[in-house]
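Topology and contacts: notes
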2 protein chains.
Amino acid sequence: MKEFKPLKVINLGLQRFEDDLKAQGVEVQGVQWNPPAAVSASAIDIIRKNADRIEAANTKVQEIIAAGQPELLGLEPARTVIPGLHEDMLLHAGPPISWERMCGPLHGAVIGALLYEGKARTPQEAEAMAASGQIEFAPCHEHSAVGPMAGVISPSMPVFIVRNAASGNQAYCTQNEGLGKVLRYGAFSPEVIARLKWMEEVLYPTLDKAIRLLGKIDLKGIIAQALHMGDEVHNRNRAGTSLLIRQLAPALLRTASSAEAAAQALDFINVNDHFFLNLSMPAAKCVLDPASGVPCSSILTAMARNGTDFGIRLAGTGDQWFSGPALVPDALYFPGFSKEDANPDIGDSAITETAGWGGFAIAAAPAIVQFVGGRAADALSYTQQMYEISFFENNNYQIPILDFRGTPTGIDVVKVIRLGLTPFIDTGVAHKEPGIGQVGAGVVSAPLEPFIQAYEALARTLQE
Amino acid sequence: MKEFKPLKVINLGLQRFEDDLKAQGVEVQGVQWNPPAAVSASAIDIIRKNADRIEAANTKVQEIIAAGQPELLGLEPARTVIPGLHEDMLLHAGPPISWERMCGPLHGAVIGALLYEGKARTPQEAEAMAASGQIEFAPCHEHSAVGPMAGVISPSMPVFIVRNAASGNQAYCTQNEGLGKVLRYGAFSPEVIARLKWMEEVLYPTLDKAIRLLGKIDLKGIIAQALHMGDEVHNRNRAGTSLLIRQLAPALLRTASSAEAAAQALDFINVNDHFFLNLSMPAAKCVLDPASGVPCSSILTAMARNGTDFGIRLAGTGDQWFSGPALVPDALYFPGFSKEDANPDIGDSAITETAGWGGFAIAAAPAIVQFVGGRAADALSYTQQMYEISFFENNNYQIPILDFRGTPTGIDVVKVIRLGLTPFIDTGVAHKEPGIGQVGAGVVSAPLEPFIQAYEALARTLQE
């Protein structure tokens, strides 16, 4: 009698084939494979012919990013420091978007900001005002600022001032509000507005005085340390927040007008391990901004989402946005919520990945898999993959478990297109309705569409 | 012509063969191999026949250790809280030792403590007094206390009071003095004594008031978190120190008699990432002490070194010490120092390894290889090996990179002898002369001798 060996299959491509075979008891080894991205043959040709120019430009960008030295100088109301921000303007996360196309959480945050500013007395009034065209909406990124989730910044909100000591430019971000019902997830109830007022009237002056006494706080040092302490400074900021408190606390003792105000400020920071996110984000922003406009460079200077669109900017094409639809992250959902409740990817926080932290440095933060799902080995493998699409390794920021290898830095659109591999982002997930808040955390790959556009645009600049 | 293949050698045992062959350009693969330890055939026979009794006793010890809940209650002068401590007594690290046999750093610390207490006016007077028999020396471990390096505790020194909430017992440890010239490394110059006085008069009351306001500080929670943040709470305590400051700072603001005193206290802790060591040590001690005296158990309750002898205690043999010569660690030496300068292994800090932290949890702290030498993979492999000689995995303390596997806990002398594999300790290295201080940090395996004695003694108790 003839014997048949059991069938063993290697499946390349469509997951469905693999699932079907497995259902029939066949041993299948799936192989991840992405087809080359759909860019034009002419663009490929131009990029190939200009490889040397691109390489030289990217080397210049590498030098700019590696030299970056973010430091915290203090806080001021947004209206006094953010360039171009006027009284009828609100800044938001991600690429430009009209009121009509905004997602639920961004709508909610806009309503909340108008209530906070006293421009509207009720949510209905605020909504009418936002829809009337009376309010100008602009991306944070176009005003040297960044904001997590909805990322709304209004003129009265105090913002951290973060300077890149290497190049002198500054970036701005609000103070983190904490967890639960907060403006950045689109909540605008009275307690949300009251908290924002307390942050303006108590937290801001208390922190600012302490920081001014210190002169500055070295964020580069804190971030480098935090990567040695299990943070990736996007979704895990427990070490960063702790190291910040270590520096702030003695200065608070020496400067606080009242011990109780200072203690309240510390208590507020203490219960919120995400507090440092609102410093790692402007740190990344001020390090990347000086690279914007370096001709011929294929390195990203921003990735940002407004909850509807995912936008990127390229050093070689300056302020231009390339956008595509934002995706819904694969997430670990909090009890009672599911993917049905999730808003597509939102927030400027992917600026941390653009700087080589966050999902790119997730190997430094294996404990984060409790928060975003997966196993420790996944954290290592995500970072390993990101080296494939990065231009260099930034030795200022090292990953101990990889024997202090520098973080993968400088996302190269040419490599992204060549490999069909988009950046990996680990992120919080907002409820799609305003005001409900965070429903989970997870991982998401950037959509390919903006990278295709950026690649084509870069090719056009090289042809000119 | 006949061809000779290049010689390839696998070397089992003596390192010298390997080195000689390598020097001749031969490719050698070294294999670590230890002969079974030299215990008596009769002891092996008794241990084998009583395997079930030992297993049952060890299970009881496992329950005691796993239930441990260390919490910090406050501080008091040693004389008022440490049981049995009297005015003419000094406690020291490690097993019992006479003045004559003490190493340089311990001599220096005894001199310093007598100067600090005002019992002697000059180092010469102190030395004469110590040699006269007027001063009683006793191990910290015999008085519910632990001390890093020389580990000297004198009656006026304030000590942390750490309670095991599960069993009600307490353990004590001094406040960490910081780096450089300090008593625990045998320094006794005027600035060392002045610092100890400041710690008694300013630091102690300031910290104590803050801790009493909080009621208690949960050390179990801090240690579990610190293991997620790159500490192993023996030689790396940056996260533990940071998390402690986060809890202390708001309470300091609310209780300090003067803001400047509180700020000075925070500044003092802030510049010393080892501050938390003097809390992780009594935390380990109070968790292990209730296991002492559980009949038939082969699990260690202490490993401690006085710089001359390395001593261990076993649950099944209670307060008895088993000692052998302390070894000199393999270390990364600070510039200007070498192994010639190093004192043999010293300090009670190996209580952290005994509790499943330190070298046993070093996989959680890959960044520590910068301090103690080696590569990240070594950190993983050290912890993996320690599972082989541990009785259980303590899920209260998890290692993220090993997918949250519990730390290897409960060092089992039967396994140590069977495998010829002694506990791995990562440690600071003291200069052998008093007063010079730390000269490096490194790794050391416990000597086998005390384990052989403990094994034989356990066998005798099983025969009775």
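All names here are of chain A. If you trace the four strands from one edge of the open sheet to the other, you get β11-β10-β9-β13, paired in antiparallel fashion. Strands at the two margins of the open sheet, each flanked by one partner only, are β11 (322-325) and β13 (346-347). The sheet contact formed by strand β9 (residues 300-306) and β13 spans two bridges and is antiparallel. Note that in β13 the partner of R305 across the bridge is G347.

Counting residues at the interface gives 27 residues for chain B and 27 residues for chain A. Contributions of two or more residues to the side of chain B that touches chain A are made by α9 (238-255) and α10 (259-270) of chain B. It is α9(B) that contributes the most residues to the side of chain B that touches chain A, 10 residues altogether. Residues of the side of chain B that touches chain A, tallied by class, amount to 17 nonpolar, four polar and six charged.

To continue, consider the relation of the copies chain B and chain A. The operation relating chain B to chain A is a screw motion whose rotation component is 180°, with 0.0 Å of axial translation and a residual RMSD of 0.0 Å. In the structure described here, the two chain copies are related by an operation that fits a two-fold rotation axis. If distances are taken from each C-alpha of chain B to the rotation axis, the shortest is found for M229(B), at 2.2 Å. When the interface residues of chain B are mapped onto chain A, 100% of them are again interface residues, pointing to one common binding face.

To continue, consider unusual backbone geometry. Although it is not a glycine, D403(A) sits at a positive phi angle of roughly 55°. Examined against the element boundaries, D403(A) turns out to sit in the loop between β14 (390-399) and β15 (405-411). Residue D403(A) is classed as partly exposed on the basis of its 13 C-beta neighbours within 10 Å. Despite not being glycine, C296(B) shows a phi value in the positive range, around 75°. Position of C296(B) among the secondary structure elements: in the loop between α11 (277-288) and β9 (300-306). Residue C296(B) is classed as buried on the basis of its 20 C-beta neighbours within 10 Å.

Remark: helix α9 (residues 238-255) of chain A packs on α10(B), axes separated minimally by 8 Å, with the N-to-C direction vectors making an angle of 165°. As far as their axial angle goes, α10(B) and α9(A) are roughly antiparallel. Regarding α9(A) and α10(B), the two cross each other, and that crossing is left-handed. Every residue of α10(B) that contacts α9(A) at R246(A), A249(A), P250(A), L253(A) and R254(A) is listed here: A259(B), A262(B), A263(B), L266(B), D267(B) and N270(B). The residue inventory of the contact of α9(A) with α10(B), partitioned by class, reads seven nonpolar, one polar and three charged.

To continue, consider the nonpolar core. In terms of nonpolar packing, the biggest core is built from 306 residues, with V159(A) and V159(B) touching the most fellow members. Contact partners of V159(B), with chain neighbours within four places excluded, come to L75(B), E76(B), A78(B), V81(B), I82(B), A145(B), I153(B), Y172(B), C173(B) and T174(B).

Definitions and cut-offs
- Residues numbered from 1 in each chain as written.
- Chains lettered and ligands numbered in written order.
- Predicted model: local features only at pLDDT ≥ 70, side-chain atom pairs only at ≥ 80, totals over all residues.
- Pairing = 2+ DSSP bridges.
- Helix = DSSP H or I, 4+ residues; strand = E, 2+ residues; numbered from the N terminus.
- Contact = placed C-beta atoms within 7 Å.
- Nonpolar A, V, L, I, M, F, W, Y, C, P; charged D, E, K, R; others polar.
- Least-squares fit on C-alpha atoms with pLDDT ≥ 70 in both.
- Buried ≥ 20, exposed ≤ 12 C-beta atoms within 10 Å, placed from the backbone.
- Axes fitted to C-alpha atoms, helices over the stretch in contact; angles between N-to-C directions.
- Parallel < 35°, antiparallel > 145°, perpendicular 65-115°, else oblique.
- Left-handed = near helix turned anticlockwise from the far one by under 90°.
- Core = buried A, V, L, I, M, F, W, Y, C linked by C-beta atoms within 7 Å.

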